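Examination of the molecular architecture
So you can see what is in the structure, the chains are spelled out below.
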Amino acid sequence: MFYRLLSVVQRQRTSRGWQNWSSARSGVSAAEAHSVTLPAQAQVVICGGGIMGTSVAYHLSKMGWKDIVLLEQGRLAAGSTRFCAGIISTARHLSIEQKMADYSNKLYHQLEQETGIQTGYIRTGSIFLAQTQDRLISLKRINSRLNIMGIPSEIISLKKVAELHPLLNVHDLVGAMHVPEDAVVSSADVALALASAASQNEPLLSSLLRRMPELETLEIVKLVNCPETFTPDMRCIMGESPLVQGYFVLAGMNSAGLSFGGGAGRYLAEWMVHGYPSENVWELDLKRFGALQSSRTFLRHRVMEVMPLLYDLKVPRWDFQTGRQLRTSPLYDRLDAQGARWMEKHGFERPKYFVPPDKDLLALEQSKTFYKPDWFDIVESEVKCCKEAVCVIDMSSFTKFEITSTGDQALEILQYLFSNDLDVPVGHIVHTGMLNEGGGYENDCSIARLNKRSFFMISPTDQQIHCWAWLKKHMPKDSNLVLEDVTWKYTALNLIGPRAVDVLSELSYAPMTPEHFPSLFCKEMSVGYANGIRVMSMTHTGEPGFMLYIPIEYALHVYNEVMSVGQKYGIRNAGYYALRSLRIEKFFAFWGQDLNTLTTPLECGRESRVKLEKGMDFIGRDALLQQKQNGVYKRLAMFILDDHDTDLDLWPWWGEPIYRNGQYAGKTTSSAYSYTLERHVCLGFVHNFSEDTGEEQVVTADFINRGEYEIDIAGQRFQAKAKLYPVASLYTHRRRKDDVELSDLHGK
């Protein structure tokens, strides 16, 4: 291997082995510095010689890249890496972060033997303390996930805590978690390191002294203050820029750079070499952010909120308080006045539910729990209205693109980019996946054919940057082919329920029955006084109803008309929590929650959305043909909890381990309470791990059906019934016998 390390204050060094990188660790005074001539070209140029930059270079070299240039303005590891506490902790809330930290731990453990460089690796173990029952529940959830990854971890008693760490004050604790293989890569004492790091924050230091009174006798010899990077959602940034092809980013470690460094460097190197990482890293992908999150004021306010939250209790469905009301629907003020409680997705405000006038708004907003939430009855009434009358949900945040051409170019490129057949009659809607070469979902969307040369594409909210970048990357540079982001042009209202047809019939003076307006059909209509409303017969839930895409200048008028006419039919507002309950009980999987870049249509029962013989090739076709022949190694299933008490037991949310016949078989991807079934319903993938080797084997329908299942919620297992199809009784409101959307077992 041949490496070039360049620095303005470091002598240029070349070597033929990674082991000689140790020379880069030595300091060089300013007097010794001399100018360095940059090479004319390189296979890769890495800017930043901290843990991230060196990790990426290390892994690229392992993958065969040789011409690597590493640029550092000072000496290697002289930035935030130099001043970090050196703690390697695998206890994380996100699965991908756990995997990165676990890999880092193992890498650092063997790195000294591999390179001859002393890393100071010491396996100290970690103890995570809980002063409240909610904190203990959070630790139990993390403990369950660590165990299925093969990372030793256990919930321990206070007596055990005192035995492991006699200096700790345990009188006010309710429990703890011990992770024995956590480590540090510094010879400094753990307590002194924590005290040094915490000395910048007086409240944190006071808490530390209460926990370890012995520290009060120590003297802080040196105070170090250095910059650290934080992100708007407390997750690091990784991936290729959507604007500059070949420009990759790995940054924003939120004080966890050392724990993530090995794993993050590996995934980014895989991305650069192979075009994709070996794990689903969407939660860390740079393209989850857009220009709207780059405002200096937004970042300043959000980062001030993020820093204390890093160690705060993480309860399900909590929301940031800063940087809000950034992107709003034209109906925001109207809905807010009617009791809407809001959550944020990709900077867009979306209603969770609507609080009746007699409810305590403040208490409801401050409620944080792993158990039955205070909004349970509110969402129940919204779900009931969706099933018996009609509800309106503002879904304006959905990503919306238009693809047009002067000839057949739009159809031809969409046929290549999507797995379903888009050569359908004008007015028809097609549910389809945008797949990668491995057959995995880069996007899951609905596409309406507006005319022979124009298509309207609807995608999840957080797909706006990612989907645009994917389309632009694969579309030919043809002036006759136009891609336009029209997300901001249309307000989207979802009319759900059996009386939706009555409301629209009155407002449009047009027949809306299935005979005149079949399922999965799009028609431009007048609603009230407004023209040009794109009405679509689908709801993304499996319930009857319509989506209305309204030019923003008409949004308030159309909403007011719908609510006015709908009064006689029992209309009310509803939010995304009701939508979630409806779609999960109908076995409808959503991208970003249940589907990702490593999930194929054959693994989630969406064979009907793949047309292998549509007359032309499409991205992912070869992989799907091979998978169809060889079988799938995981399968999406629906789990209905049997012995779970909704009022007293902990709730499932997502990420809970699934056990089949007592053996680990997968994790849940999303869950919700079904007010129709009066049970909790979870979606999740089932794997078939060999009991002898642990290798994955083919998963068949028979394998799913023959198993007995349990869902692990914070260490307690609950029996569950697995189903590959939704409960038939839920489809009592089917609009017609051959209703395509409702008969699709795994809708969008």
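Above this text is the structure in question.
All of the points below concern the structure found in this document. (Residues numbered from 1 in each chain as written. Predicted model: local features only at pLDDT ≥ 70, side-chain atom pairs only at ≥ 80, totals over all residues. Heavy atoms only, no water.)

**A short note on the packing of helix H12 (residues 376-388) against helix H17 (residues 576-585)**
It is at 9 Å that the axes of H12 and H17 come closest, and there the two elements cross at 60°. With respect to H17, the axis of H12 lies oblique. As for the relative orientation of H12 and H17, their crossing is right-handed in sense. Contacts between H12 and H17 involve Val-379, Glu-382, Val-383, Cys-386 and Lys-387 from the first element and Tyr-577, Ala-578, Ser-581, Leu-582 and Glu-585 from the second. Counted by class, the contact of H12 with H17 contains six nonpolar, one polar and three charged residues. (Axes fitted to C-alpha atoms, helices over the stretch in contact; angles between N-to-C directions. Helix = DSSP H or I, 4+ residues; strand = E, 2+ residues; numbered from the N terminus. Parallel < 35°, antiparallel > 145°, perpendicular 65-115°, else oblique. Left-handed = near helix turned anticlockwise from the far one by under 90°. Contact = heavy atoms within 4.5 Å. Nonpolar A, V, L, I, M, F, W, Y, C, P; charged D, E, K, R; others polar.)

**What to know about the state of the cysteines**
Tallied over the entire structure, the rule returns zero disulfides. Here Cys-385 is not disulfide-linked; the sulfur of Cys-391 is the nearest cysteine sulfur, at 3.4 Å. Under the relative-accessibility criterion, Cys-385 is labelled buried at 9%. This cysteine, Cys-467, is not joined by any disulfide, and Cys-445 carries the nearest cysteine sulfur, 6.5 Å off. (Disulfide = S-S within 2.5 Å. Buried < 20%, exposed > 50% of the residue type's maximum accessible area, 1.4 Å probe, protein only.)

**Some words on the sheet that holds strand E20 (residues 481-485)**
Overall, antiparallel pairing links the five strands, which are arranged E17-E18-E19-E16-E20 in an open sheet. Single-partner strands in this sheet number two, and they are strand E17 (429-435) and E20. Neighbouring strand axes in the sheet, compared pairwise and without regard to direction, differ in orientation by 25° on average. Two strands pair when backbone bridges link them, and strand E18 (residues 441-451) and strand E19 (residues 454-459) are joined in this way by five bridges, in the antiparallel orientation. From the neighbouring strand, Ala-448 faces E19, where its bridge partner is Phe-456. (Pairing = 2+ DSSP bridges.)

**Digging into helix H15 (residues 500-508)**
Of all the residues in H15, the buried ones are Ala-500, Val-503, Leu-504, Leu-507 and Ser-508. Down the axis of H15, the buried set is contained in an arc of 110°. They therefore lie on one face. Next to the buried residues of H15 lie strand E21 (490-496), strand E22 (522-527), strand E23 (530-536), strand E24 (545-551) and helix H16 (555-566). Directly after H15, the chain includes Tyr-509, whose backbone phi takes a positive value near 55°. (Arc of directions from axis to C-beta.)

**Re the sheet that holds strand E8 (residues 154-156)**
Strand order in the open sheet made by the three strands is E7-E9-E8, with antiparallel pairing throughout. Of all the strands in the sheet, the pair left with one neighbour each is strand E7 (126-130) and E8. When the angles between neighbouring strand axes are averaged without regard to direction, this sheet yields 30°. Across three bridges, the pairing between E8 and strand E9 (residues 175-179) is antiparallel. Looking at E9, one finds that Ile-155 is bridged to Met-177. Most of the contacts of helix H4 (residues 133-148) go to E9, to which it runs at about 25°, and overall it touches E7, E8 and E9.

**Regarding the pairing of strand E31 (residues 709-713)**
Burial analysis of E31 places four of its five residues in the buried class, which makes it a mostly covered element. Here strand E27 (residues 657-660) runs beside E31; their pairing, made up of three bridges, is antiparallel. Residue pairing in the sheet places Tyr-659 in a bridge with Glu-710 of E31. Bridge count for E31 against strand E32 (residues 716-723) is five bridges, and the pairing is antiparallel. By the bridge assignment for E32, Glu-710 is matched with Gln-719. Adjacent in sequence and paired antiparallel, E31 and E32 are bridged by two residues, among which Ala-714 carries a positive phi angle near 55°.

**Quick look at the environment of Ile-550**
Mapping Ile-550 onto the fold places it in strand E24. In this structure the C-alpha to C-alpha distance between Ile-550 and Leu-493, which are 57 residues apart in sequence, comes to 7.9 Å.

**Quick word on unusual backbone geometry**
For His-540, which is not a glycine, the phi torsion comes out positive at approximately 65°. With respect to the element layout, His-540 can be found in the loop between E23 and E24. Classification of His-540 as buried rests on a relative accessible area of 1%.

**A few points about the side chain of Arg-449**
Assignment of secondary structure puts Arg-449 in strand E18. Judged by its relative accessible area of 8%, Arg-449 is buried. A polar atom in the side chain of Arg-449 sits 3.0 Å from the backbone oxygen of Lys-452. Aside from chain neighbours lying at most four places away, what touches Arg-449 is Leu-411, Leu-422, Asp-423, Val-424, Pro-425, Val-426, Gly-427, His-428, Ser-454 and Phe-455. (Polar contact = N/O pair within 3.5 Å; in protein donor to acceptor, adjacent residues only side chain to side chain.)

**What about the pattern of salt bridges?**
If you walk through the whole model with that rule in mind, you get 29 salt bridges. For Glu-402, the salt bridge identified is with Arg-534, shortest N-O distance 2.9 Å. Of this pair, Glu-402 sits in strand E16 (residues 399-405) while Arg-534 sits in strand E23; the two residues are 132 residues apart in sequence, bridging distant segments of the chain. Looking at Glu-402, the relative accessible area reads 13%, which means it is buried. By relative accessible area, Arg-534 is classed as buried at 9%. (Salt bridge = Lys/Arg side-chain N within 4 Å of Asp/Glu carboxyl O.)

**Points about the packing of H15 against H16**
Where H15 meets H16, the axes come as close as 9 Å, and the angle between the chain directions of the two elements is 115°. Between H15 and H16 the crossing geometry is right-handed. Contacts from Val-503, Glu-506 and Leu-507 in H15 reach Glu-561, Val-562, Val-565 and Gly-566 in H16. Tallied by class, residues from the contact of H15 with H16 come to four nonpolar, one polar and two charged.

**Focus on the nonpolar core**
One finds Trp-375, Val-379, Phe-456, Met-536 and Tyr-549 to be the most contacted residues of the largest nonpolar core, which totals 39 residues. Contributing elements (two or more residues each) for this core: H12, strand E15 (391-394), E19, E21, E24 and H17. The element that contributes the greatest number of residues to this core is H12, accounting for six residues. Those residues in contact with Phe-456 that lie beyond four places of it in its chain are Lys-400, Phe-401, Glu-402, Ser-446, Ile-447, Ala-448, Leu-450, Val-486, Tyr-490, Arg-534, Met-536 and Tyr-549. Core analysis: the second largest hydrophobic core is formed by 37 residues, Ile-68, Leu-70, Leu-258 and Met-272 among them. (Core = buried A, V, L, I, M, F, W, Y, C linked by side-chain atoms within 4.5 Å.)

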